[in-house]
Each structure stands twice: as C-alpha cells, then as structure tokens.
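# What the coordinates show
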Amino acid sequence: MSVRNVSNRERDPSSYKIRERDTLSKIAKREGTTVDELARLNNLADPNKIRAGATLRLPGQRDGFDAAASTQNNQGLRRQPTQTTGDTFDAGTTAAAGITSPNVSGTQNGYRNIQDLGAFTRGGSNSEAAIVVGTSEGNRRPDGSTTSSYGGHTDPGNAKHNRGSFSYQGGGARSPDHADQIWNRELTNATPAYERAARAAGLDPNNALLASTFFDLHTQSPRAAQNFINREMPKLAQDPRGVTRDSLIDARVDAYRNDQGVLRAAGFNHSESRLRADQTRRETALVSALDARGYRTGNTDAAQPSNVPIPQPRPSSERPTSDTVLPDNVPIPRPRPSSERPVTTTGGATPTDLNDTAQVAAATDRAAVQTRTPWISQYDASQVERAGDKACFRAATAMARQAGANVTSVDRRIQVATSEGPNGVTVDRAAAERGRNYIDQQLAAGKPVVVGVNHKTGRNVGNADGITDHFVVITGRGTDAQGRTYYTFNDPATRNQSRGADTNANNRFYVDPNSGNLTRAGPRDGYVVGRQFDVTMVRPNA
C-alpha cells in the first residue's frame, strides 16, 4: 500500500474515497480483500461501475499479513488498543461462559504455569510478554535482546510504522519502550476475559503455552483472539492431543473463521494455506521462546503413553507372593448372603475405622474434568472379591472397570517412586511428569486411573515395587480458589462413602512443586483415609 493510500485511510480506517482511474479490483488488491467482498459490503449491483469521489465501505483495517507470511518480520495487527476495526470476519457469538465438559483434556502439556499473569505483562520492554510475543513478531530474541526491527520499521503489509516488541502502530508512543508499555496494558485489560473463558472450558489459564498463545493472537488480531476464547478453547479442551503446539495452530487458524466456518482473513487474501503458514511460524516461535526462557518442565508426549518406558519384570523368584496385586479383569462377584461374607479386621495392611458413619460435607466446588466413576469400599463383599483389609487394589480396579477402564498388569506400570524414607518417598521427576500426562490423557477420554500410594514408613513386600501401601482411583481434575490444579480420587479404605468418595474435599492430590509428584498432605499415622498420600505408581488402562 502506498503512503498516499495509507493517509487516505487514516482519515477513516473503515472507508475509502474512490479516485480517478481506480477500479474495484485495484482497491481490493491494495486493501487486502476481494472484489466480491467489497461489492457485498457496498451493495454494488455491477462491480465494474464505480464513481470517483464516492466512498466505499471497507471490511476493516487490514492486518498486513500478505507479505509477512513469507518474511521473518511478520508484524500482524499493530493497532491502538481502543480501535475496534480488525480482520474481515465477525467475532464468534458462541460465548465460552458456562461451557463445561466432563471430558476435557486440560493443560498438562509440559509447560509450567505462569504464577501471576498480571506480572507477565508488566515491565515495559522487560516484561515476559514483550519478550515472548516479541520473538513471534521478529523484534526480540528469547534472551531478551532486540533485533534491528525493534526500534522502528515499516510494516511489510500495510506500510504503517511499527515500533517496539509488539510492532505497535498506534499513536502516543514516545519510544519503543513506551509502545511496549501501552500494549502490555492492553494485554492486561484483555486477560480477565481470557481467564474466565479458560476456566469455563476446563482449561488452566495460567498454563504458559496457552496464555502466551492468547497474548500473541490478541497482538496479531483482537477479533481472532475473541473467537479463540469464545469458540476454540472449549474445542481445545476436548482435543485428544491436549493443548499442544499442533492443536493450538489449528485453533489459531479456525479463530479466523466466522460462525458459519468461512475463513475471513483478508490480510492473507482468505487463503488458508497462507494463514496456516503464518500461524505455524508464530506458534513455533512462541514455543522456542518459552523453551529458552525455562517454561518447559517435561516431555509433551501426553497423548502417547506407549512411549513411556516400562520397568522390566523381575524374575519370578523376586516377585511378591502376597495377594495385594491380583491378575486384572477379575469378574465382579454376585452378592453373597451376609452369613457368607468375610469378617474384616483392622490389623492388616489398611487400618480402618469400620464404625465411621460421620457424614462428611461434600466439597462446594467440583472438578471441571470429572469421570463417571462410582465409589466402592474395599470392605464391600458384594462387589469386591475377598473383601477386607488387603483388597484395596481389587476395589480400585472394580471402580475403574465400572467406569469403562480396564487396568493392565503391574509390569506396565509407570513407576514414580524409587525409594521411601521416614518422611515419604523419593521421586523420579520425569516419571512423575509422564504419569501426570498419562492421567490427563485418560481423564480427557472419560476414564479414571488407578494409582498406588505410599502412606507409611517401612517396605511393603506385598506390592511389586516394595513401596506402594495402598491404591486409590483418580477420577477428575480441577482448579481451586487459589488457582492450584488438583486431582480428585476415590479411596476404598473405608465403609463411609461420604469420606471415601471424591466429593470429600480432602480426597485431592496436588502437585508438589519440588518433586513434581502428586501428593495429599496429612499425618503418617492414624486411619488410612486421613494420611499423607504420595503417588508411587500409575497403572495404565488397556
């Protein structure tokens, strides 16, 4: 676009005054749109007949993507925060508020949480947002240094002057750093709506990859970002791939569609291949910046549990002989007469108060991701074979089976704990990460996951690893009022359903920031249902 034409639009960015020798095709080409779009917006019966001096309504200020799709200095949308013009599509009308799903994938994608999203967008050119998004824009490097385009350059798509990390084009910026301060405030103002939409979809808004993608897309096109939070985040939550680079690229592309599914990206001449190339480049740059700045915490193969190393079986002479771990797929027996039911005690592996009948109040908040897993007591002989103190694994597999999950053999376990001591277990952090990723993937598919836990000092010779003392069933995942991710579980070590079911607010694992393991705080003695639980192994489903 020539400088003269830019000035024409600056008087009114939503219209264009036709000049002598203008044709609709020339105007469409300059404005990054199509003849058909201009004819539709202006109700032109004959696109070949336009009159000099007349004013055309334009689809909206172009984002300048055309040339940028093939250059490192792709600058996207650099508009003043107060402007409402954008790419030539309507922001979606499907609001995310209130959308929840029992089968969402969550955001365990190998990237840690940003503890304070407000802090992420504070600090002018030194803010994390300026550096991460600036890397996508081509104005910054992941180490925080600037490129030659940071101080100011001409946008390759719309000939406007860009400056700063975000390629800001609006007025009132005295310097590149001041431009960054202005756009940081814009991202701060946009954050609450993003957070509400993410939580409504069952996603964690603080996840570094998800949040950075939103900030980057909002910088490029606020209207696309609005579609992203309205329509695409609920879809992301149910994507079997999880919230990954590839699923985010697809979501970014689809954010440029209207509610009828029509691609509305005038800056790319409405070409999906050109738009996808640009969105792929930008998302890849975000990943590189986050990785370089230490936001990656583990592997991202959450959807590929087959890649998880499986411990080799021990020789039969070294394997435990206790009946704590039984072969899988044990049939659920029919109820037996009470006279035939076994007498239970509390002198075995699971100290339990068999007289506990106190009603435990259900948690006031519920996990956003919730499977349909019934609670079963390990003392219920009508549903558990050889019910009693040592039947926790059989009860756990019975719960999982009724929810559609068949637990595989112990040789396929993900071994999280490597040893135990007086204060708990020693954890393989990488294995803990793999275990959480696998749990997230299964919860997204609507399946619970049986896990082993350690709750007392001393080797347990009845289980394959010599560390596991008990088994519970992870049934869901949510975020509490402090923004912490938790995992709900059913505990079979009681006859009291209100205490053992996942509705009990105490039946929640949290991620230990030091070890990466799932843990439930509590004492190391007393009845099992109240003890400290540290996950020791994750038992994959078939």
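Residues numbered from 1 in each chain as written. Predicted model: local features only at pLDDT ≥ 70, side-chain atom pairs only at ≥ 80, totals over all residues. Heavy atoms only, no water.

## Remarks on the overall build of the protein
Secondary structure assignment for the protein yields 13 helices and 14 strands. The burial tally for the protein puts 56% of its 542 residues in the buried class. For the protein, the accessible area works out to roughly 22,300 Å², and carbon and sulfur atoms hold 48% of it. (Helix = DSSP H or I, 4+ residues; strand = E, 2+ residues; numbered from the N terminus. Buried < 20%, exposed > 50% of the residue type's maximum accessible area, 1.4 Å probe, protein only. Areas by Shrake-Rupley, 256 points an atom, 1.4 Å probe, with all protein chains shown as cover.)

## Things to note about the environment of Ser 136
One can find Ser 136 in helix 5 (residues 128–137). Residues Ser 136 and Gln 279 lie 143 residues apart in sequence; the distance between their C-alpha atoms is 9.8 Å. A polar contact of 3.0 Å, which involves the side chain of Ser 136, links it to the side chain of Asp 216. Looking at Ser 136, its side chain comes within polar contact range of the side chain of Arg 282, at 3.3 Å. (Polar contact = N/O pair within 3.5 Å; in protein donor to acceptor, adjacent residues only side chain to side chain.)

## Quick look at the confidence of the model for the protein
Reading fine detail from the predicted coordinates is not recommended where pLDDT is low. On average, residues of the protein carry a pLDDT of 78, and 77% of them reach 70 or more. Low pLDDT (under 50) marks residues 1–12, which in the prediction has 25 contacts with non-local residues, meaning those over four places away or in another chain. (pLDDT = per-residue confidence, 0-100. Contact = heavy atoms within 4.5 Å.)

## Some points on the pairing of strand 8 (residues 424–427)
Here four bridges tie strand 7 (residues 417–421) to strand 8, and the two strands are oriented antiparallel to one another. Bridge assignment links Ser 419 to a residue of strand 8, and that residue is Thr 426. Counted along the chain from strand 7 to the antiparallel partner strand 8, the turn is two residues long. (Pairing = 2+ DSSP bridges.)

## A word on the pattern of salt bridges
Inspection of every chain in the model, using the stated rule, returns 24 salt bridges. In this structure, the salt-bridge partner of Arg 282 is Asp 216, at a minimum N-O distance of 2.9 Å. Of the two residues, Arg 282 sits in helix 10 (residues 272–292) while Asp 216 sits in helix 7 (residues 208–220), which places them 66 residues apart along the sequence. Arg 231 is paired through a salt bridge with Asp 259; the nearest N and O atoms lie 2.9 Å apart. In this pair, Arg 231 sits in helix 8 (residues 222–237) while Asp 259 sits in the loop between helix 9 (245–254) and helix 10, placing the two residues 28 residues apart along the sequence. Because the salt bridges share partners, they merge into one network encompassing Asp 239, Arg 241, Asp 250, Asp 254, Arg 257, Glu 272 and Arg 276. (Salt bridge = Lys/Arg side-chain N within 4 Å of Asp/Glu carboxyl O.)

## Quick notes on the nonpolar core
Core analysis: the largest hydrophobic core is formed by 50 residues, its most contacted members being Tyr 194, Leu 203, Leu 210, Phe 228 and Met 233. Of all the elements in the fold, those that place two or more residues in this core are helix 4 (117–120), helix 5, helix 6 (176–201), helix 7, helix 8, helix 9 and helix 10. Take this core: its biggest share by element is nine residues, from helix 6. Discounting residues that sit within four places of it in the chain, Tyr 194 has contacts with Leu 117, Asp 204, Pro 205, Leu 210, Ala 211, Phe 214, Ile 229 and Met 233. In terms of nonpolar packing, the next biggest core, distinct from the first, is built from 26 residues, Ala 417, Val 425, Tyr 438 and Ile 474 among them. (Core = buried A, V, L, I, M, F, W, Y, C linked by side-chain atoms within 4.5 Å.)

## A short note on the layout of surface pockets
Of the voids in this model, the largest pocket is the one considered here, and its volume is about 660 Å³. Lining the largest pocket are 25 residues, with Arg 112, Asn 113, Gln 115, Val 511 and Pro 513 sitting closest to its centre. Those elements giving two or more residues to the lining of the largest pocket turn out to be helix 12 (429–444) and strand 12 (508–511). Among the elements that line the lining of the largest pocket, the one with the most residues is helix 12, at three residues. In terms of residue class, the lining of the largest pocket is made up of five nonpolar, 13 polar and seven charged. (1 Å grid on protein atoms, 1.4 Å probe; cavity = no way out; pocket = protein on both sides within 12 Å on 5 of 7 lines; lining within 4 Å. Points joined across faces, edges and corners; volume = space filled by probe spheres on them. Nonpolar A, V, L, I, M, F, W, Y, C, P; charged D, E, K, R; others polar.)

## Let's talk about the packing of helix 6 against helix 8
Direction vectors running N to C along helix 6 and helix 8 enclose 35 degrees, while the axes themselves pass 9 Å from each other. Seen along the crossing, helix 6 lies across helix 8 with a hand that is right-handed. When helix 6 is examined against helix 8, the residues Ala 193, Tyr 194, Ala 197, Ala 198 and Ala 201 are found in contact with a partner set consisting of Ile 229, Met 233, Pro 234 and Ala 237. Of the residues contributing to the contact of helix 6 with helix 8, the split by class is nine nonpolar, no polar and no charged. (Axes fitted to C-alpha atoms, helices over the stretch in contact; angles between N-to-C directions. Left-handed = near helix turned anticlockwise from the far one by under 90°.)

## Digging into the pairing of strand 14 (residues 533–539)
Burial within strand 14 is extensive, with seven of its seven residues counted as buried. Here two bridges tie strand 6 (residues 414–415) to strand 14, and the two strands are oriented antiparallel to one another. Residue pairing in the sheet places Gln 415 in a bridge with Met 537 of strand 14. For strand 9 (residues 449–454) and strand 14, the ladder comprises five bridges, and the chain directions are antiparallel. Bridge pairing in strand 14 links Val 451 to Val 538. As paired elements, strand 13 (residues 518–520) and strand 14 share two bridges and run antiparallel to each other. For Arg 520, the partnering residue across the bridge sits in strand 14 and is Phe 533.

## Observations concerning the side chain of Thr 191
With respect to the helices and strands, the residue Thr 191 is situated in helix 6. Residues within four places of Thr 191 in sequence aside, it is in contact with Leu 117 and Phe 215.

## A short note on helix 5
Counting buried positions over the ten residues of helix 5 gives ten, a clear majority of the element. Within helix 5, the full set of buried residues consists of Glu 128, Ala 129, Ala 130, Ile 131, Val 132, Val 133, Gly 134, Thr 135, Ser 136 and Glu 137. Contacts made by the buried residues of helix 5 are with helix 4, helix 6, helix 7 and helix 10. Among the residues trailing helix 5, Gly 138 stands out with phi positive, at a value near 90 degrees.

## Describing the environment of Tyr 379
For Tyr 379, the location among the structural elements is in the loop between strand 5 (369–370) and helix 11 (392–402). Accessibility expressed as a relative area gives 7% for Tyr 379, which makes it buried. For Tyr 379 and Cys 392, which are 13 residues apart along the polypeptide, the C-alpha to C-alpha distance reads 8.7 Å. In this structure the side chain of Tyr 379 is engaged in a polar contact, spanning 2.7 Å, whose partner is the side chain of Asp 389.

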